[in-house]
Amino acid sequence: MKIEIFDCTLREGVQSQGISMSNEDRLKIAKKLDELGISYIEAGNPASNPKETAFFKELKSENFINSKIVAFGSTRRAHTEVSEDEGLKNLIAANTDIVTVFGKSWDFHVTDILSAELYENLNMIYDTVCYLKENGKEVFYDAEHFFDGCKHNKEYALKTLEAAYFGGASRIILCDTNGAAFPDEVEKIVAELAPKYKNMLGIHCHDDCGMAVANSISAVRGGAVMIQGTLTGCGERCGNANLATVIGNLQTKMEHNVIGENLKNLTSACVYVSDVANQTLSPNAPYVGRNAFAHKGGMHIDAVCKEPSSFEHIPPETVGNKRRILVSEVSGKSAVYSKIQRLFPEIKKSDPSVAKITRRFKELEHLGYQFEAAEGSAELVIRKIIGKYSTVFTLNMFRILSEQDSSRSSNLTTALISISVDGKSEITAVEGNGPVNALDKALRKAAEVFYPQIKNVKLLDYKVRVIDSNATASKVRVLIESADGKERWTTVGVSDDVIKASWIALVDSIELKIIKDSEKEKQKIE
Ligand SMILES: CC(=O)SCCNC(=O)CCNC(=O)[C@H](O)C(C)(C)COP(=O)(O)OP(=O)(O)OC[C@H]1O[C@@H](n2cnc3c(N)ncnc32)[C@H](O)[C@@H]1OP(=O)(O)O
Ligand SMILES: CC(=O)C(=O)O
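- Under an unreviewed UniProt entry, the name given to the protein is Citramalate synthase, and the organism recorded is Qingrenia yutianensis.
- You can read under Sequence similarities (unreviewed entry) in the UniProt record for the protein the words "Belongs to the alpha-IPM synthase/homocitrate synthase family."
- What the UniProt record of the protein gives under Catalytic activity (unreviewed entry) is the line "pyruvate + acetyl-CoA + H2O = (3R)-citramalate + CoA + H(+)".

Here it is in structure tokens:
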């Protein structure tokens with residue numbers, strides 16, 4: 001049977017700290033999950049709040065191609081009639097064909113959290129599943145705290161599953177709610193239950209011990225047919241099983257074809273879902289992170305250039321990711337050469353400039369530069385050594401004037417700058433929002449007089465990092481990301497003065513743009 005992937009981003013994902021989504025964003029994520037080929041989307045808990053109730057109304061007019069929409073809720077409250085239970089009324093009104101209900105498997109939770117008798121909890125599970133079935137729903141049953149329940153009172157935990165089974169649940173999902181189970185334990189219990197609940201078992205794991213993905217995979221080995229989790233791993237506390245990793249593992253290592261050809265869209269789907277959820281996708285995320293196929297050690301790069309499989313478990317394109325070669329102090333000639341070759345294919349590895357550039361990168365990294373994320377500045381270092389660089393302007397002087405009134409209600413900064421090109425000088429004074437902004441604006445305004453194309457360049461991001469902690473005498477590293485509507489590039493500056501470090505990064509940004517534009521112009525003429 002095909003392994004079913006069940007995504008809980010819109011239900012348990014929003015239980016993560018820092019995630020709250022509008023219904024517009026929820027819909028965007030649901031559509032992306034559908035596009036990716038996810039089997040089930042748990043769209044929310046309609047009993048939780050008016051926003052989630054409204055979302056199910058909005059979903060009625062939406063079409064999904066690959067995914068089925070599921071509403072989530074709990075078993076009826078203790079000592080309440082199913083027909084009177086507010087949660088169940090909301091679940092039915094959500095108007096989905098499938099609902100998931102969770103119930104208690106751990107005896108201590110029944111007595112101490114629900115304050116109910118053990119037999120009453122069994123009735124709550126059975127009554128709820130029967131009632132939802134009578135109301136035309138397919139019911140998935142989430143056995144909350146199942147693995148902890150088994151450790152304390154296995155006989156009772158198994159009875160709770162039977163209550164759901166005899167009530168008519170079509171899937172029984174074993175939940176490691178506290179994230180404390182280990183893979184061997186999960187595989188053993190799932191394998192024990194699989195013959196009885198044939199093609200019915202699912203797994204829902206939390207990552208409190210860093211085992212959520214391993215436990216999910218072990219459950220499949222034991223006979224589970226559904227894996228629940230969230231595409232990017234978000235969820236309560238340490239998160240849920242990361243489905244991107246689960247999917248990557250199932251499809252590239254275990255021959256379970258879960259999303260087929262869509263595997264090549266896995267990385268872009270994760271970036272999209274993280275962006276919409278206003279989260280940063282972990283750079284170290286397996287398969288889909290920015291670093292998943294980034295090579296930094298000189299010897300690794302040498303080997304990857306000779307044969308990618310030497311340090312890559314799969315070709316990055318399989319999951320829509322990219323290989324990155326990072327230039328740094330731990331680079332050797334191969335790393336530097338691979339960077340040079342992409343920019344200037346005419347340079348041979350034996351060219352003396354390759355060793356010279358390698359040495360220069362190491363010297364600069366020793367001074368606090370980092371070129372991994374500053375590929376624009378790295379290109380300029382290469383250009384300067386191979387003779388593909390010429391000064392585009394000369395700085396005569398700059399001055400920053402900062403004024404603050406006694407009430408501190410206004411903070412006015414002005415940058416005054418003078419540059420010359422081919423003997424002609426330009427002086428400008430510009431006000432800005434702080435010294436770096438003023439300097440950036442003043443430099444662009446002055447440079448624009450000679451190079452009008454600078455008008456299109458925008459500063460997208462500015463980051464400062466203190467690189468040694470010698471209090472006020474620390475050095476700082478400034479990273480600037482620029483764009484011109486077509487391309488983006490990042491440059492770096494280092495100094496013990498933040499303005500100077502920013503200046504170095506700003507100048508690199510503008511010089512690179514002008515040098516590359518003028519080369520393109522020359523090529524057009526030729
Ligand atoms: C393991 C999981 O992730 S389960 C899902 C957890 N998700 C969430 O809690 C997010 C959505 N939750 C909510 O919006 C709210 O908690 C609501 C609307 C569902 C309930 O709110 P309230 O009625 O105010 O109850 P509150 O959240 O304070 O307490 C939970 C109640 O549910 C009961 N309960 C907990 N689990 C179950 C269950 N499986 N079956 C029946 N009742 C349950 C508790 O005993 C408690 O009832 P009590 O106050 O009578 O003791
Ligand atoms: C149901 C659920 O989310 C859990 O047990 O973790």
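Structure's up, so let's keep going.
## Some points on the site of ligand 1
Part 1 of the argument: In the region of ligand 1, 19 residues are neighbours, and Gln-15, Ser-48, Thr-75, Arg-76 and Arg-77 sit closest.
Part 2 of the argument: Within the contact set of ligand 1, an oxygen atom lies 3.4 Å away from a side-chain nitrogen or oxygen of Arg-11.
Part 3 of the argument: Here Arg-77 contributes a side-chain N or O atom positioned 3.1 Å from an oxygen atom of ligand 1.
Part 4 of the argument: Here ligand 1 has 1000 Å² of accessible area as a free molecule, and 54% of this is covered by the chains.
Part 5 of the argument: No other element matches strand E4 (residues 98-104), which puts 3 residues into the shell around ligand 1.
Part 6 of the argument: Of the residues belonging to the shell around ligand 1, the class tally is 6 nonpolar, 7 polar and 6 charged.

## What to know about the sheet that holds strand E11 (residues 394-404)
Part 1 of the argument: Overall, antiparallel pairing links the 3 strands, which are arranged E11-E12-E13 in an open sheet. Strands with a single pairing partner mark the edges of an open sheet, and in this sheet they are E11 and strand E13 (424-432). Ignoring which end each strand starts from, the neighbouring axes of this sheet average 10° apart.
Part 2 of the argument: Direction of pairing for E11 relative to strand E12 (residues 411-421): antiparallel, over a ladder of 10 bridges. By the bridge assignment for E12, Leu-395 is matched with Ile-419.
Part 3 of the argument: Sitting on the sheet, helix H15 (residues 435-450) touches E11, E12 and E13, and the angle it makes with E13 is about 145°.

What counts as what
Residues numbered from 1 in each chain as written. Chains lettered and ligands numbered in written order. Predicted model: local features only at pLDDT ≥ 70, side-chain atom pairs only at ≥ 80, totals over all residues. Heavy atoms only, no water. UniProt positions renumbered as here; feature names shortened; annotations may be inferred. Near = heavy atom within 4 Å. Polar contact = N/O pair within 3.5 Å; in protein donor to acceptor, adjacent residues only side chain to side chain. Areas by Shrake-Rupley, 256 points an atom, 1.4 Å probe, with all protein chains shown as cover. Helix = DSSP H or I, 4+ residues; strand = E, 2+ residues; numbered from the N terminus. Nonpolar A, V, L, I, M, F, W, Y, C, P; charged D, E, K, R; others polar. Pairing = 2+ DSSP bridges. Axes fitted to C-alpha atoms, helices over the stretch in contact; angles between N-to-C directions. Contact = heavy atoms within 4.5 Å.

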